[in-house]
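Fold and contact review
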Amino acid sequence: STVEERHEFSAEVGRLLDLVVHALYSEREIFLRELVANAADATDRRRFEALTEAALALPEKAGIHIHIDKDKRLLSISDDGIGMTREELARNLGTIARSGTRAFGEQLQNSKPEERPSLIGQFGVGFYAAFMVADKVDVISRHAGTEEAWQWSSEGKGEYSISPAQREKPGTSITLHIKADADEFLEVSRLETIIRKWADNIAWPITVHDGEKESTANQGTALWRKPKSELTQEQLTEFYRHTFHMFDDPWATLHWHAEGTLEFTALLFIPSMRPMFEPMDATRDSKVRLHVKRMFITDEGNILPPWLRFVQGVVDTEDLPLNVSREMLQTTPVLNRIRKAVTNRVLTELKSRAKNDEASYLKFWENFGAQIKEGIWDNSDHRMELAELSRFHSTTTQEQALKAIPAEGQKAENADKGSENNPANQEKAQEAQDKTQKEAQEETQEKIRENVQDKALTTLEDYISRMKDKQEAIYYIAGDSLKTLSYSPHLEGFKAQGIEVLLLIDPVDSFWPERLGSYKDKPLRNITQAQDDLSKLAGKTESEEAKTPAEMEKLVTSLKEALKDKVSEVKGTHRLVESAVVVAPAAFGPDLQMQRLMRRSGQ
Ligand code: ADP
Ligand code: MG
């Protein structure tokens, strides 16, 4: 069709545009960073796809060109990238496809107006940042391998149009009609400063043209290639936030250069918080980016195993050819050796932090412990190391945590003592106040308790050091929460005999203990299936345990009759101290938590 079509932005885009255009003023320059980054991404993609489809090959001097037209007040950014089809223009520039942008929009909405400029400065909002400096944006794009070009145009006010266009070569040009108050962005020197500040990592040449004059604005020295001594943590953090769309200060920054049999540079980050937003289609694959001689190759190289997928970063190697293909990536031994080295380095960091800075390590564990435990389940190489890195709740840590709390409560009580002598006529009001105060106090107490219990964890090593004389196994129970587990009758007998039981409350906890099997020769045993151990530990023989007193025989018989085939067996037990009955799994069936999970997933 040759007619122009008009479309409405999705509601999300509308809201984001509003925020971007009206609330963010002082950091407007980052629009250029966003557009140049998109141009570089598109060029990377075309280069990579051309490896398997020769028709998509890049022109010889591929790069990014910025043109200024002062008279017409136009600024354009052109690339030789993969380009966009008509459908892609509508999808990519009319809706918010990327999760990072959506999360950013939410963050922006929840922030105070005065915080917003720094937010956008740090994190970026992608393409829509163009509307901070332009009252109209035209995008002309031609997808590599096609003849058709399309123009997308919008004033950033609720709708955009798409119409047929002309473009000599594949790629994308974005033309900004610069706002009356944004003259500065028509000055070469201003643009060059912005590019050096924000886009120096880009390996493609970025050329600024002003009439006849032209200059290359970027050095293309990838940040990770700079010597450590030339980099500040601030620069690294900024790189982390911007490249990986993160919002926090990294918990760990690992930057090293490997030389010898294998040559690569790695810059990795361990976040200090879980991602705020995980896309529906999120896979378990690591997204660490692979570069070859600075050039971006892929973020699907599985540089790290799935259980380290929270690690963000870049690995840049000299040992692969620039034209490495997907097939080659899957088979080359070089990449496997890099994977090993990088994984080991991350584990070394975790071990050293666990050993030297426990408080900080526990914060890490709170965020990513569940993923580390996935590693016990699916990786045999590092299983023992991961078990060593793992932290668990247990009946003992819970008790210790509780003991530590009264001291806190005391303080609150004493602080209240000041207001004792009240005139009689105020007594009633005071009483009511006391009551609400007491309730509030109880509530905070409860919160403190939960909080402290939440954080009280043990290693397997420490558990073993507390094992009782005759105890042979590491005992655990899995459930949904510490609260539900604290009511579990299965625990009674163990508690009564002072035997520590690990309290496992992550969904993944139903899977890994069996894989691990044992730790330092101590078998891991689920207490819902280890009740015979109790009588052994108590010094009773199994036949004693099995013997049901005569007066109980009657009860057992009538229970059997009442329950019929709902249960496979009814028997007397020594393991209950307070509860009258407990439902237990058959000794060799799947454990109860596993049964619950299987039911939930429809198995
Ligand atoms: P992000 O780059 O994080 O995906 P953006 O808002 O910056 O988010 O861009 C949205 C999408 O628009 C990109 O993912 C890409 O598919 C497309 N896009 C933007 N600019 C270009 C370009 N110059 N060439 C090709 N595609 C582009
Ligand atoms: Mg972008």
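Refer to the structure presented above.
Not measured: the values here are computed from a predicted model.

This part covers the overall build of the chain. Counting its regular elements, the chain contains 22 helices and 19 strands. When contacts within the chain are restricted to residue pairs at least 6 apart in sequence, long-range pairs at least 24 apart make up 71% of them.

In this section: the pairing of strand β4 (residues 134-142). Sheet topology note: the β4/strand β7 (residues 171-178) ladder contains eight bridges and is antiparallel. Following the sheet pairing, D138 is matched in β7 by T175. Relative to strand β5 (residues 149-154), β4 is paired through five bridges, and the arrangement is antiparallel. Of the residues in β5, the one forming a bridge with V137 is S154. Remark: six residues form the turn of the hairpin made by β4 and β5, two consecutive strands paired antiparallel; G145 in that turn has positive phi of roughly 90°.

Before going further, it helps to spend a moment on the sheet that holds strand β15 (residues 393-394). Taking strand neighbours across the sheet as the criterion, the five strands line up as β15-β17-β16-β19-β18 in an open arrangement whose pairing is mixed. Among the strands making up the open sheet, the edge pair consists of β15 and β18 (518-519). Strand direction decides the pairing type here: β15 and strand β17 (residues 501-504), joined by two bridges, are antiparallel. By the bridge assignment, H393 is partnered in β17 with L503.

Turning our eyes to something else, we now look at the environment of K455. Here K455 lies in helix α14 (residues 427-455). Classification of K455 as partly exposed rests on a count of 16 C-beta atoms within 10 Å. On a C-alpha basis, the gap between K455 and F392 in space is 9.5 Å, while along the polypeptide they are 63 residues apart.

What follows covers the sheet that holds strand β9 (residues 213-216). Taken in spatial order, the nine strands of this open sheet run β1-β6-β5-β4-β7-β3-β2-β8-β9, and their pairing is mixed. Of all strands in the sheet, those with a lone pairing partner are β1 (5-8) and β9, marking the two edges. The sheet shows a mean angle of 20° between the axes of neighbouring strands, direction not considered. The pairing of strand β3 (residues 74-79) with β7 spans six bridges and is antiparallel. Looking at β7, one finds that S78 is bridged to S173.

On to helix α6 (residues 188-198). Those residues of α6 that fall on the buried side of the exposure criterion are L191, I195 and W198. Viewed along the axis of α6, the buried residues span an arc of 85°, placing them on a single side of the element. Opposite the packed face of α6, turned more than 90 degrees from it, sit the exposed residues S189 and K197. In this structure, the buried side of α6 is in contact with α2 (30-50), β2 (64-69) and β8 (206-210).

A few words now on the site of ligand 1. Within the structure, ligand 1 sits among 17 residues, and N38, A42, N92, G126 and F127 are positioned closest to it. For the shell around ligand 1, the element with the most residues is α2, which contributes four residues. Of the residues contributing to the shell around ligand 1, the split by class is six nonpolar, eight polar and three charged.

With that settled, the discussion passes to the nonpolar core. Nonpolar side chains in soluble globular proteins generally cluster together in the buried interior. Core analysis: the biggest nonpolar cluster contains 62 residues, and V311, V315, Y475, Y476, I477, V501 and L502 have the highest contact counts within it. Discounting residues that sit within four places of it in the chain, Y475 has contacts with F494, I499, V501, L502, R525, I527 and A530. If you look at the next biggest cluster of nonpolar residues, it comprises 59 residues, including I30, A144, I195 and I206.

Along helix α3 (residues 86-94), the residues that are buried comprise R86, L89 and L93. The buried residues of α3 occupy an angular sector of 60° when projected down its axis, which confines them to one face. Structural note: α3 exposes E87 and R91 on the side pointing more than 90 degrees away from its buried face. Among the structural elements, β4, β5 and β6 (159-165) are those in contact with the buried residues of α3.

This next bit is on the packing of α2 against α6. At a closest axis distance of 9 Å, the pairing of α2 and α6 adopts a crossing angle of 65°. In this structure, α2 crosses over α6, and the sense of that crossing is right-handed. Here I30, L32, R33 and V36 of α2 lie close against α6, whose contacting residues are L191, I194, I195 and W198. Its residues assigned to classes, the contact of α2 with α6 comprises seven nonpolar, no polar and one charged.

Phi at N302 is positive, roughly 45°, even though this residue is not glycine. Summarising the element assignment, N302 is placed in the loop between β13 (295-298) and β14 (312-317). Positive phi, close to 70°, is recorded for D521, a residue that is not glycine. Structurally, the position occupied by D521 is in the loop between β18 and β19 (522-526).

On to the pairing of β8, then. If a strand is regular, its side chains alternate between the two faces of the sheet. Both β2 and β8 contribute to a ladder of five bridges, which runs parallel. By the bridge assignment for β8, I68 is matched with D210. As defined by bridge partners, β8 adjoins β9 across four bridges and the pair is classed as antiparallel. Across the sheet, residue V208 finds its bridge partner in β9, namely S215. The hairpin turn running from β8 into β9, its antiparallel successor, is two residues long, and G211 in that turn takes a positive phi close to 60°.

So, how was this worked out
- Residues numbered from 1 in each chain as written.
- Chains lettered and ligands numbered in written order.
- Predicted model: local features only at pLDDT ≥ 70, side-chain atom pairs only at ≥ 80, totals over all residues.
- Helix = DSSP H or I, 4+ residues; strand = E, 2+ residues; numbered from the N terminus.
- Contact = placed C-beta atoms within 7 Å.
- Pairing = 2+ DSSP bridges.
- Buried ≥ 20, exposed ≤ 12 C-beta atoms within 10 Å, placed from the backbone.
- Axes fitted to C-alpha atoms, helices over the stretch in contact; angles between N-to-C directions.
- Arc of directions from axis to C-beta.
- Near = placed C-beta within 6 Å.
- Nonpolar A, V, L, I, M, F, W, Y, C, P; charged D, E, K, R; others polar.
- Core = buried A, V, L, I, M, F, W, Y, C linked by C-beta atoms within 7 Å.
- Left-handed = near helix turned anticlockwise from the far one by under 90°.

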